Amino acid sequence: MKDDYALVLNAGSSSLKFCVFERPVGERWHLESRGQIEGIGTAPRLSVKDEIGHSLVKKDVPAKDGSEAIAALAEWLRSMYGGSRVLGVGHRVVHGGARFSGPTIIDAEVMKELHQLVPLAPLHQPYNLAAIEAVFERLPNVPQVACFDTSFHRGQPEVAELIPLPRELREQGLQRYGFHGLSYEHIATVLPLFAPEIANGRVIVAHLGSGASMCALNDRKSVDSTLGFTALDGLCMGTRPGALDPGVVLHLFQGLNLSAKEVETLLYKKSGLVGISGISNDMRDLLGREEPAARLAVDYFVYRAAREIGALTAVLGGVDGIVFTAGIGENSPEIRQRICDASAWLGLEIDADVNAKVKDQTKISTSRSKAAVWVIPTNEELMIARHTGALLGLSAKAAWNEQGD
Ligand code: ADP
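The paragraphs below set out a description of the structure included in this document. (Residues numbered from 1 in each chain as written. Predicted model: local features only at pLDDT ≥ 70, side-chain atom pairs only at ≥ 80, totals over all residues. Heavy atoms only, no water.)

**Notes on helix α6 (residues 181-194)**
Along an α-helix, a turn takes 3.6 residues, which lines up residues three or four apart on a common side. With 14 residues, α6 should reach 20 Å at 1.5 Å per residue; the first-to-last C-alpha distance of 19 Å fits that figure. Counting buried positions over the 14 residues of α6 gives 10, a clear majority of the element. When α6 is considered as a whole, its buried residues turn out to be G181, L182, S183, Y184, E185, H186, I187, A188, V190 and L191. (Helix = DSSP H or I, 4+ residues; strand = E, 2+ residues; numbered from the N terminus. Expected span 1.5 Å × (residues − 1). Buried < 20%, exposed > 50% of the residue type's maximum accessible area, 1.4 Å probe, protein only.)

Below you can see the structure in the form of structure tokens.
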């Protein structure tokens, strides 16, 4: 390939996910390859697939940290696409605070502001920013764009964003931000194509992955979500507890004398599914187990999801559709069935056969169901690519294929 391309990066603590979007001359952009370096700092391994899912490479690479992971990726890109130009790099950045209500071209001033948000997203933000810095070092002339998980939620009603603490604290940025916004934005974008009958109505999107949240959409705009000031609120997650009585946190400090670092580790890494089960943070693993603690973890996950569907239904004044997405939402018929069963009071009814065989976007509710229930795969990378292209003037409107291929 000798055409120009744009890179999308999603840098986490132990993984670097990426997509390469190619621009063939005179044609629209399309997904060229997607891959990741997993096990950064432990047993780093690069795996990449082409646009139809065929493996291009699987190999160990040297990557002690995020910067070395970028170097390893750059080397692979050179071997694969040597002679091509990188036109732009789009990044997933988890927290954009109150200021960044849309994708932003990154400069030194923007980086300074984004660094100030690190304490609000300690599990993600530092790694997102390290990847940006590593790219600046290697490709100083290539423009970079930050796409935020918080942006899609800006514009929610004041009461949905409010944290009921004194004004002087709220003025320092204490508000509910919401996350997984790139995923929700993607779903909102494709709803008219796949599910036009509910697209402009009241829809609850359940993004159920390692991190999990729900978003209430009214006419495809976010009016509330279950994650708030940080990515700890709301649903039970792989390693995070979800909503917690703040008195518990006081007790951890005052009663148990834990340090701030210990409390942070407990809340971000040791709670939720792994905390309840003592076995695993991985839903697929837990579903295959008989131990009572594993069952309790799954029961709580479902319980909390059904409870939040009830709360968001109240926010919307009813519900026309529910969309499941992300790792658990797209791949687990059992969890979808159990959440819908627990929400049967809403008149939800799903077709067990269809639910068992979901492939791509699929309506799984029966014709009797009072609200439509859909499974729609998310595509945060495509969203980032589209924003990056649009902001850098790289692509004409609608130049990105909705499916990313
Ligand atoms: P993230 O992108 O936040 O790391 P994902 O969206 O990839 O997370 O979701 C990961 C979760 O999805 C894990 O808990 C994993 O066990 C779960 N998952 C993936 N496939 C299945 C499946 N077939 N059944 C149940 N859970 C699954």
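**A few points about the packing of aromatic side chains**
According to the stated counting rule, one finds 6 aromatic pairs in the structure shown. An aromatic cluster is built from Y5, F18, W76 and Y81, whose rings are joined through pairwise contacts. (Phe/Tyr/Trp six-rings, centres within 6.5 Å; stacked < 30°, edge-to-face > 60°.)

**Quick notes on the pattern of salt bridges**
A complete count under the given rule lists 19 salt bridges for this structure. Note that K64 and E68 form a salt bridge whose closest N and O atoms lie 3.0 Å from each other. Relative accessible area serves as the criterion here: at 63%, K64 is assigned to the exposed category. Here R338 and D299 are joined by a salt bridge, their closest N and O atoms 2.6 Å apart. With R338 in helix α14 (residues 333-342) and D299 in helix α12 (residues 292-316), the pair connects residues that are 39 residues apart, well separated along the chain. Given a relative accessible area of 27%, R338 falls into the partly exposed group. Through salt bridges with shared partners, a single network forms among R92, D149 and E380. (Salt bridge = Lys/Arg side-chain N within 4 Å of Asp/Glu carboxyl O.)

**Describing unusual backbone geometry**
Trans is the prevailing form of peptide bonds, just as negative phi is the prevailing case for residues other than glycine. Backbone geometry places H180, a non-glycine residue, at a positive phi of 60°. Counting through the fold element by element, H180 comes out in the loop between α5 (167-170) and α6.

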